[in-house]
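Structure at a glance
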Amino acid sequence: MSRIGKEPIVVPAGVTVDLSEGNFIKVKGPKGELARQLVAEMEISVEPGFVKVARPNDLKRFKALHGLTRTLISNMVVGVTEGYRKDLEIIGTGYRAAKAGKELTLTLGYSHPVVMIDPDGVESAVDGNTKISITGIDKEKVGQYAANIRAKRAPEPYKGKGVRYAGEHVRRKAGKSGKK
């Protein structure tokens, strides 16, 4: 039995979970609404105050999907109540970010500024010139947008310059050694 999958998902007050045929689930809360099509074979039951996920049998595929399905629903419930946030830091001389409307402009040492447009349901904010915070209700979109920004100039191992997650440890390498 999946240790994650067997746990019921607690649905707080003010959140509604609607399950339609084919395991199409809608979660509505104070921050917004999320909808997702889940695997049709998984057995999802919505009861007052919580949601339970069960698998039809013990095939390897359903064992894998059991915990995944439960976690996806749980992430939706957390998203519409609290939301998700990822923080990024820009390290490097002359590296900076600026925000104008839905456009995030990054100056990362290239010959041109990198312009990124916030996807639907995701907002970015710049604090100072070197801190970016990405917020939204969909964990997947928030994480993907943060990863896309980081990929524009990932931290390099010699000086540590680039875009990194807040609190991320960058493994440093030694530079060239002197003459022998």
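Residues numbered from 1 in each chain as written. Predicted model: local features only at pLDDT ≥ 70, side-chain atom pairs only at ≥ 80, totals over all residues. Heavy atoms only, no water.

**Quick look at the sheet that holds strand β6 (residues 50-54)**
To summarise the sheet geometry, strands pair through backbone hydrogen bonds and adopt either a parallel or an antiparallel arrangement. Strand order in this open sheet of 3 strands is β1-β6-β5, and the pairing throughout is antiparallel. On the outer flanks of this sheet lie β1 (9-10) and β5 (43-47), each paired with one strand and no other. Helix α1 (residues 60-81) contacts β1, β5 and β6 of the sheet and is inclined by roughly 160° relative to β6. (Pairing = 2+ DSSP bridges. Helix = DSSP H or I, 4+ residues; strand = E, 2+ residues; numbered from the N terminus. Contact = heavy atoms within 4.5 Å. Axes fitted to C-alpha atoms, helices over the stretch in contact; angles between N-to-C directions.)

**Here we look at unusual backbone geometry**
One non-glycine residue, asparagine 23, lies in positive phi territory at about 60°. Looking at the element boundaries, asparagine 23 is found in the loop between β2 (16-20) and β3 (24-29). Judged by its relative accessible area of 9%, asparagine 23 is buried. (Buried < 20%, exposed > 50% of the residue type's maximum accessible area, 1.4 Å probe, protein only.)

**Here's the deal with the side chain of arginine 55**
With respect to the helices, strands and loops of the structure, arginine 55 is situated in the loop between β6 and α1. A polar atom in the side chain of arginine 55 sits 3.2 Å from the side chain of histidine 66. (Polar contact = N/O pair within 3.5 Å; in protein donor to acceptor, adjacent residues only side chain to side chain.)

**Quick word on the pattern of salt bridges**
In this structure the tally under the stated criterion is 7 salt bridges. Linking aspartate 58 and arginine 55 is a salt bridge whose minimum nitrogen-to-oxygen distance equals 3.0 Å. By relative accessible area, aspartate 58 is classed as exposed at 55%. Take arginine 55: its relative accessible area is 12%, and that puts it in the buried class. One salt bridge in this structure joins aspartate 118 and lysine 99, with 2.4 Å as the shortest N-O distance. (Salt bridge = Lys/Arg side-chain N within 4 Å of Asp/Glu carboxyl O.)

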